[in-house]
Structure formats: structure tokens, C-alpha cells
Amino acid sequence: MVETRGDGLRATLWRPLNGFSGRYLLALTAAFLVGAWGLGCWGYQIVRGIGVAGIRRPTMWGFYLVNFVFWIGISHAGTLISAILRLTDAGWRKPVTRAAEAITVFALSIGAMFPIIHLGRPWIFYWLFPYPNSRLLWPNFRSPLLWDVTAISTYLSGSVIYLYLPLIPDLAELAQHSTGWRLRLYTLLALGWTGSDRQWHAVERAMKLMAGTILAVAVSVHTVVAWDFAMAVAPMWHSTIYGPYFVAGAIFSGIAALVVAMSIIRRALHLEEYLLPVHFENLGKLLLLMSLLWVYFTVAENLTTWYGNSPAEMSVFGERVRGRYAPCFWFMVFCNFVLPFVLLSVKRLRSVATVTISGVTVLVGMWVERFMIVLPSLSRPHLAAAAGFYSPTWVEISITASTFAAMVMFYLIFCKLFPIIAVWEYKHVSHG
Amino acid sequence: MEHRWGMAIDLDRCTGCEACVVACHAENNLPLSDADQAEKGRAFHWIRVDRYYEGEFPDIRVKYMPVLCQQCDEAPCEPVCPVYATYHNAEGLNVQVYNRCVGTRYCGNNCPYSVRFFNWFEPEWPEPLHLQHNPDVAVRPSGVMEKCTFCIQRIQRAKRDAQAENRRVADGEVQPACVQSCPAEAMTFGDLNDPESKVSRLATSGRATRLLEDLGTKPKVFYLQRGK
């Protein structure tokens, strides 16, 4: 139990930690069941062979790689947004940062699973790590997949630290007001925090340092993910625009995920007095900015391809804008640009509801965007005789759905264990 | 480097009979796919015959082009493998190490010729074909990539025989299954390091071109056709 009497701040922000409402249990159970079903499907895929998925020759990558890129993109919610806001000392960041940092850790954990799920022989995935072995074999550091392994493991460890550091003062305070297993958990995690000046000084320096570092790491991670594609000779993959295009897309979908998560938290945990319309207003403006940046990149990519008129690229381009993938393409443009642009650029229309709606359509649109990046290029390889169309199977769809359920489940559990808004940030006067 | 294996395929001779495809299946223990899997693009043919149509019906010409691993000198499949399951051996062949492959399929995506094949399931052969496996060739498990090897088992045997008799491998002594079975004699295999070999002479003749040459992959398969 957590003691929630005392001042108003603690009463509101700690209340969600105690007890379970019926709706909470229902959501948790549903998320758990969908997630468990997905795990079961993965087990089936391992036993039967990866052929139970829809991937084929020439589209050897499918939904799993789409999900990989999508979730790594979502993970940019926390790091970039909270790090930028922290470094620029934006006052309105206080109720936003932890929700964002938690998204990062969970989205990254989910995203990092997909390269393993998609392996033909996932039980030997550790061969990609440079560990000492009796055959003196190194992995191939020329492969962009090795850069992925390096970048993502760095990012995951960095973002866990980045989530944990600002939790420490809250954990110590929680430990003082709780009993039973919570007392033991919080005491352990608080690392002997007493709140002395020296400790405050250290943790603030560490947070600043991590914010700076994680920014650089986040940009590099999504650039490396883009290079998985850009380093290949496949038409329209082999492009210099992919690095910045992916980073912009990642921040775009990250903000969208944050907006949606905040909107749900606001309603479900009754935090209307902390998550104010001004927060949604500000994030809505950021979302609009990123939407414009996204459409700029999309035009730049497609216009240069069309004008260049090289046969191999034009066959992919045609497949995208007027071929079998065209409905996806135009749906993506609607979700990522047309609708958010109208809802967010007209001042009268901008509200908590419309910002949330834009967040949802951008999430859908960015998932489709990742699909549009992975599949059309593979469907139309250099030799026309080898062309082929991809469609997913129920296994891929189940595993995809289960990762969204896993995200919900992790978030629900996190909200029960830790305050989703940092209490100390409200009380605290900087010691720096 | 003692040998540098290469192939020449005369497109003016090829009749598109696909005897090479069948011979390759038998020699290299290629699994058989059922109709359902074949429709999904999962049939295994280390060598396939692409068809190109010129003109409009009824005034139409069909051109056949057998496509197999081009054994590129600058192979795009090689640098992208994270575990060195595919690499360049001393004789210029792109070698696939089945035991090392973890199945990222990046090499397959990065092959501009789409000649890499993935084992989506454990391989299967309808009876009695399961009894006719070639003992010189490994059967590949589920989850690994495979592709044309230029019948490396035949190359190794010819080298051993030559070594035992203390001589060089003679021109024409090694014949991959596809070359051996071509009734039109459209295919020639040999050592590109030997300027006198038949394949060297064909490769330097004015009729030789290479597939997707502008990508800079430097294939060791040469296609012969008359100039336009």
C-alpha cells in the first residue's frame, strides 16, 4: 500500500498506484491474452518453420521488418522529446517527460524483438554478438545488421538509465510512505537516496549528460535502421535521403504515440489538472511541424525518382503511386499529412480531442509508411521476371497485434508501480 | 589463385527446354515444393529460365535466358551477411556456409538477380525421390539460405583426381550438372584464368555481355548473343 494522504500533489499523482478498478483488470487481461496468443503464434512459427509467414521470394522481408522499423520509430517519443525539452528547460515538460521516457523503453524492447522473430533460425540469434568463442569467429562488422545490433543495444541501455535517473527521487519518497512489498521494492530501487545537496547535484548532472548523449544516440539509431535499406542495391532503397527521412519519421510517430498515451492517461487516471490543454496544444504544434517535414521528405524522395526516370526505380515508383500498393500510399498521405494538417493548422480546430485524433491517424499512417518503404522495392527487383507480391498471413497479423497488446500491458503495469508524472519535478527547485 | 571458375551461356542456342533445371534439382538435392508453395514464389530452382517476349501476337518472338547465381566478383550479397555465412572463396566463388546461416535473408534481398533461395520449412521429397539424394551434397535444414554453387562438389572431385595424377585440371573436365545436361550445348564452363580455355575465349568474344552490368557486380557468367 502507498499512503496517499498528505499534500494534494501526492494524493492525486499517487492515487493510481493503489487498488485495481474493474476496467483496469479488464484491459490488463485483454492485453495479456492477445499478447499470449502472439507468443503462441511465434512458438508455432519456430516449430513449423518461418514459412508460416507470408514472406517469399523476392519479398524476403515483410511485416516483421515493418514492425521493427515502426517500433524503433515510436521509441523516439521519449528520448528525443524529453531530452530536447529537458535541455531547453521547457517549463511545460514536467508532466510529459516520464510518460515519454517509459514509451521509449517499452517500444524499444518490443522493436528489438522483431529482428529475432524474423530470423530463419532464431535460436542462434546470439551469433550476431561479438562474444569470445572457441572457433575464433567474429561477426561481420561490414553488415548493416551488425550496426543495428550495436546501435540498438546502446540505445536500450541508455534509455533505461534515462528513465531510471529521474525516478530515483520519487522512489525514495514513495519508500517513506509505503508498506509491505512496495516498501522493499522502492527501498531497493531508491539506491539509498536521502535527498542531500550532493545527491541532487549528482543526479542533475547525470540527467543533463544523459539527455545530451541520448539525443546523439537516438539520431544515430534510426539512421542505422534506415541504412539497413539504403545500403542495399534494391531500387528506391539505395538512397541518401533515407537516414534523415527515417529520423524525421521516427520523431513524428514518437510525438503521435506520446499524444495518444497522454490522452488515455489523462482520462483513465483523472489527471486533467496536470495534463492541461496547453500541453496538447504545444505537442500538437510539434506534430504539425513534423507532418510538414515528413511531407517535404516524401515529395523530395518521389519527385527526384520520377524526374530521374531510371527504369528499375520507375517500376517501384509505379507500383507505389498507381500500382497494387497505391491504396496504401494515398491512405498514408491522408493520415500523415492531409488530416493532421487540417486539424492542427486551423487554430479554432486545435483541441485535446483533435490533437489526439491526429495522433491516432499519424500512428496508423506511419505504420503504413514503414510498410511502403519495405515492400514495394522488394516486390519489383531489378529483373522483371522475378517480381512478386507480398501479403501477410494470420501468423504475422497475430504477432503484430500482440506487440501492440504488449505495449498496453507494459504501460498498465508501469502505471501501477510508478507514478507516471514525476512528483519531485513539481516540488523541486534546481540545485544546479 | 589457381582457378577462377566462370560460365558462358549462348542465348542464341538456348531452346528453353529446362533440362538444366531438372538436372540441377537431381544433382543438388533441391527440395520439391507443392503447387501451393510454388504459387507463393517458394519453388527452389538454383537455375531458372526467364522468358522475354518481343513484338505483339501473332508476330512474336520468345527469348529464353537461363539465370543462375552469377558468382559476382563484387557480390552485393556478401558484405551484408552479419555472420559471414556467405563469403568469397579463393577461386572466386560465392560460397554459402549453411551451418553458419542464421536466416536474416538480407543477402536474398540484396541480390539483384534474385537467385538466392530460402528454406521456409524442413525440405521434403515425395516418395520415392527421397531415396535418390546425391551423397556428395548436404541437405539444407529449415531456416537457411542456399543458392547455385557451380556444382562445387564436382569441382572438388576434379581437383582431387588431377592432384592424384599430378596434373592440372583439364579444360572441360569439370561440368556442372546444368552444363552437362544441356541438349543444345548452349552452356560452357571452365577456368577464366586459363586464357586458352573455351570459356575464356567465349567470354572475350564480341558476343559476350553480362547481366545488369551497370550495377558493377562483375559477374562471372557471360551471356552470348549476336549484336543488334
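Residues numbered from 1 in each chain as written. Chains lettered and ligands numbered in written order. Predicted model: local features only at pLDDT ≥ 70, side-chain atom pairs only at ≥ 80, totals over all residues.

1. Concerning the pairing of strand E10 (residues 221-224) of chain B
Residue and element names in this part refer to chain B.
Okay, step 1: On E10, burial covers both faces: Val221 and Tyr223 on one face and Phe222 and Leu224 on the other are all buried.
Okay, step 2: Bridge analysis of strand E1 (residues 5-10) against E10 gives four bridges, and the strand direction is parallel. Paired with Ile9 across the two strands is Tyr223, which belongs to E10.
Okay, step 3: Bridge count for strand E9 (residues 208-209) against E10 is two bridges, and the pairing is antiparallel. In the strand pairing of E10, Ala208 is matched with Leu224. (Buried ≥ 20, exposed ≤ 12 C-beta atoms within 10 Å, placed from the backbone. Helix = DSSP H or I, 4+ residues; strand = E, 2+ residues; numbered from the N terminus. Pairing = 2+ DSSP bridges.)

2. Here we look at the pairing of strand E2 (residues 48-54) of chain B
All names here are of chain B.
Okay, step 1: With zero of seven residues buried, E2 is to be regarded as a mostly surface element.
Okay, step 2: In this sheet, strand E3 (residues 61-67) lies alongside E2 in antiparallel orientation, the contact comprising seven bridges. The partner of Arg48 across the bridge, within E3, is Val67.
Okay, step 3: Counted along the chain from E2 to the antiparallel partner E3, the turn is six residues long, and its residue Gly55 has a positive phi close to 85°.

3. Description of the interface of chain A and chain B
Okay, step 1: Tallying the contact residues gives 33 residues for chain A and 32 residues for chain B.
Okay, step 2: Counting residues per element, the side of chain A that touches chain B draws most heavily on helix H6 (residues 144-164) of chain A, at three residues.
Okay, step 3: Each residue belonging to the side of chain A that touches chain B can be placed in one class, and the counts come to 21 nonpolar, seven polar and five charged. (Contact = placed C-beta atoms within 7 Å. Nonpolar A, V, L, I, M, F, W, Y, C, P; charged D, E, K, R; others polar.)

4. Some points on the nonpolar core
Okay, step 1: One finds A:Ala99, A:Ile103, A:Ile255, A:Ala256, A:Leu258 and A:Val259 to be the most contacted residues of the largest nonpolar core, which totals 176 residues.
Okay, step 2: Those residues within four positions of A:Ala256 in sequence are excluded, and the remaining contacts are A:Leu287, A:Gly359, A:Val362, A:Leu363 and A:Met366. (Core = buried A, V, L, I, M, F, W, Y, C linked by C-beta atoms within 7 Å.)

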